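Notes for the structure review
These are the residues of each chain, in order.
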Amino acid sequence: MMTTFTVFFMLSFFMVAFAGNFNQDFDITWGDGRAKILENGQLLTLSLDRASGSGFRSKYQYLFGKIDLKIKLVPGNSAGTVTTYYLSSIGSSHDEIDFEFLGNLSGDPYILHTNVFTQGKGDKVQQFYLWFDPSKDFHTYSILWNPHSIIFSVDGTPIRQFKNLEASGIPYPKEQPMWIYSSLWNADDWATRGGLVKTDWTKAPFIASYRNFNAQACVWSSTSSSCSSNNSTANSWLSESLDTTGQSRIKWVQNNYMIYNYCTDIKRFPQGFPPECSLN
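Just so we're clear, the structure is a prediction, and the values are computed from it rather than from any experiment. (Residues numbered from 1 in each chain as written. Predicted model: local features only at pLDDT ≥ 70, side-chain atom pairs only at ≥ 80, totals over all residues. Heavy atoms only, no water.)

A short note on the overall build of the protein
Within the protein one finds three helices and 16 strands. Residue burial in the protein is summarised as follows: out of 280 residues, 53% are buried. The contacts of the protein with a sequence gap of at least 6 include a subset with a gap of at least 24, amounting to 69%. Carbon and sulfur atoms form 51% of the exposed surface of the protein, whose accessible area is close to 13,100 Å². (Helix = DSSP H or I, 4+ residues; strand = E, 2+ residues; numbered from the N terminus. Buried < 20%, exposed > 50% of the residue type's maximum accessible area, 1.4 Å probe, protein only. Contact = heavy atoms within 4.5 Å. Areas by Shrake-Rupley, 256 points an atom, 1.4 Å probe, with all protein chains shown as cover.)

This is the structure:
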C-alpha cells in the first residue's frame, strides 16, 4: 500500500543528473558584480570586500540528491571570513544541511563546520579540521541526502552521518525541497576564535572558487510524473548507506580531525544530550 508521502514523492519530482555548467544550474543572487561565472560556465568565483560579500543559488529545488561541488577556499589570511555551501528550504520551520568553512590566520587551519536543521531547529553542530590545506587546490565536498541518511563527505571520504531516526521520534528532513546555496561573507564577530580575530581588509578582495558541480537528484516540479527511472544504477544513491569501509573512514576522521561534537557538549546540554546522540 502506498503512503501519502510516496504518492507525493512520485507525483512531484523527476530525477535528473547535472554535470555542471554554472550558467545553466545557478543564479547569482547577491554581491553587485562580486560573483562571476567564467570559462563558459565551468568556473564560478565569489568575492568579499569591505562593502559586501556575494552568493549564488541553484535554479532548482531538490528533495533528496547526491551533490558534489569542488571548492578552492580563500587563501592566506582568511580570518573573519566564512564560505558557505548548503541546502536549505525557506521559512521559520525550514530544513537545512550545512557545510561552512571558517577562515583563519595564515598558517592556521580552516574549521569545517557542519550542521543539520529539521523543522527550523539546528543545534547539531560538528566541526573538523581538514587533513590538507583547502585553499591550495580544489577539493570535492559532497552531500548525500536520501530517505535513510545524510552523509557529508570530503574528497570521497565520509566525515559525518545523520541517520533517519523518525521511528525513535527524531525529526528528519524529508518533506521540504531545498535549494543549493553558497556565499562568501564577513563574520568577524564570531567566525575566528569567537570573534577575537578580525578581518584584515588590507588583504581584500577575498576570493573563493568553484568548479565541477555534479548532482544526481530529484528536482521539484509540479508537472513531472516521477522521481525514479528504469536505471537502477543511476538511482542507487537513493538507498546508499555507509559500507564497512565508509564506517571505518568516518571513525578515522572523527577520531583524528573532529574538534567539536554537540553530542559531547555538556555545557550546552546540561539536562542530557539529544536522543540521536546515542542512536546515530
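Things to note about the state of the cysteines
All told, the structure shown has one disulfide when counted by the stated rule. Put simply, Cys263 and Cys277 are joined by a disulfide, and their sulfur atoms are 2.0 Å apart. The sign of the S-S torsion, about -80°, decides the handedness of the disulfide formed by Cys263 and Cys277: left-handed. One end of the pair, Cys263, is in the segment after β16 (258-261); the other, Cys277, is in the segment after β16, and 14 residues separate them in sequence. (Disulfide = S-S within 2.5 Å.)

Quick word on the pattern of salt bridges
Close approach of charged atoms allows side chains with opposite charge to pair. Counting across every chain of the model gives nine salt bridges. Salt-bridge contacts for Glu39 lead to Arg211; the nearest nitrogen and oxygen are separated by 2.9 Å. You can see Glu39 sitting in the loop between β3 (36-38) and β4 (43-48) and its partner Arg211 sitting in strand β15 (residues 206-220), a full 172 residues away along the chain. Judged by its relative accessible area of 23%, Arg211 is partly exposed. The partner of Lys203 in a salt bridge is Asp200, with the nearest N and O atoms 3.1 Å apart. (Salt bridge = Lys/Arg side-chain N within 4 Å of Asp/Glu carboxyl O.)

Side note on the sheet that holds strand β5 (residues 54-58)
In spatial order, the strands read β2-β5-β14-β7-β8-β9-β10-β16; together these eight strands make up an open sheet with antiparallel pairing. Each edge of the open sheet carries a strand with a single partner, namely β2 (26-30) and β16. Between one strand axis and the next, the sheet turns through 15° on average, direction left out of account. In the sheet, strand β8 (residues 96-102) pairs with strand β9 (residues 111-117) via seven bridges, with the strands oriented antiparallel. By the bridge assignment, Leu102 is partnered in β9 with Ile111. (Pairing = 2+ DSSP bridges. Axes fitted to C-alpha atoms, helices over the stretch in contact; angles between N-to-C directions.)

Points about unusual backbone geometry
Residue Pro205 follows Ala204 across a cis peptide bond; omega there is 5°. Mapped onto the elements, Pro205 comes out in the loop between β14 (179-186) and β15. Even without being a glycine, Gln119 presents a positive backbone phi close to 55°. Within the element layout of this structure, Gln119 appears in the loop between β9 and β10 (126-128).

Some details on the packing of aromatic side chains
The description of two aromatic rings rests on the distance between their centres and on the angle between their planes. Within this structure, the stated rule accounts for 19 aromatic pairs. Centroid distance Trp201 to Phe206: 6.0 Å. Interplanar angle 65°. Geometry classified as edge-to-face. Of the two residues examined, Trp201 and Phe206, each falls in the buried class. Taken together, the aromatic side chains of Phe22, Phe26, Phe56, Tyr210 and Phe213 make up a single cluster linked through ring pairs. Directly above the ring of Trp252 sits Arg249, whose terminal nitrogen or CZ lies 4.6 Å from the centroid. (Phe/Tyr/Trp six-rings, centres within 6.5 Å; stacked < 30°, edge-to-face > 60°. Lys NZ or Arg CZ within 6 Å of the ring centre and 35° of its normal.)

Points about helix α3 (residues 244-256)
For the α-helix, the turn length of 3.6 residues means that residues three or four positions removed from each other point alike. Helix length check: α3 (13 residues) gives 18 Å between terminal C-alpha atoms against 18 Å at 1.5 Å per residue, within 8%. Buried residues along α3 sit in contact with β10, β13 (157-163) and β16. Where α3 begins, one side-chain oxygen reaches toward the backbone nitrogen of Thr245, 3.2 Å away; that side chain belongs to Asp243. (Expected span 1.5 Å × (residues − 1). Polar contact = N/O pair within 3.5 Å; in protein donor to acceptor, adjacent residues only side chain to side chain.)

Here's the deal with the environment of Asn77
Locating Asn77 in the fold gives a position in the loop between β6 (62-72) and β7 (81-88). Judged by its relative accessible area of 14%, Asn77 is buried. Sequence separation of Asn77 and Ala204 is 127 residues, and the distance between their C-alpha atoms is 9.8 Å. In this structure, Asn77 is in contact with Asn104, Leu105, Ser106, Asp200, Lys203 and Phe206, ignoring residues within four places of it in sequence. Polar side-chain contacts of Asn77 include one of 3.2 Å to the backbone nitrogen of Ala79.

Here's the deal with the environment of Pro134
Relative to the helices and strands, Pro134 resides in the loop between β10 and β11 (139-145). Each C-alpha atom of the pair Pro134 and Pro75 lies 8.3 Å from the other, and the pair is 59 residues apart in sequence. The contact partners of Pro134, leaving out residues within four places of it in the chain, are Ile71, Lys72, Leu73, Tyr110, His139 and Tyr141.

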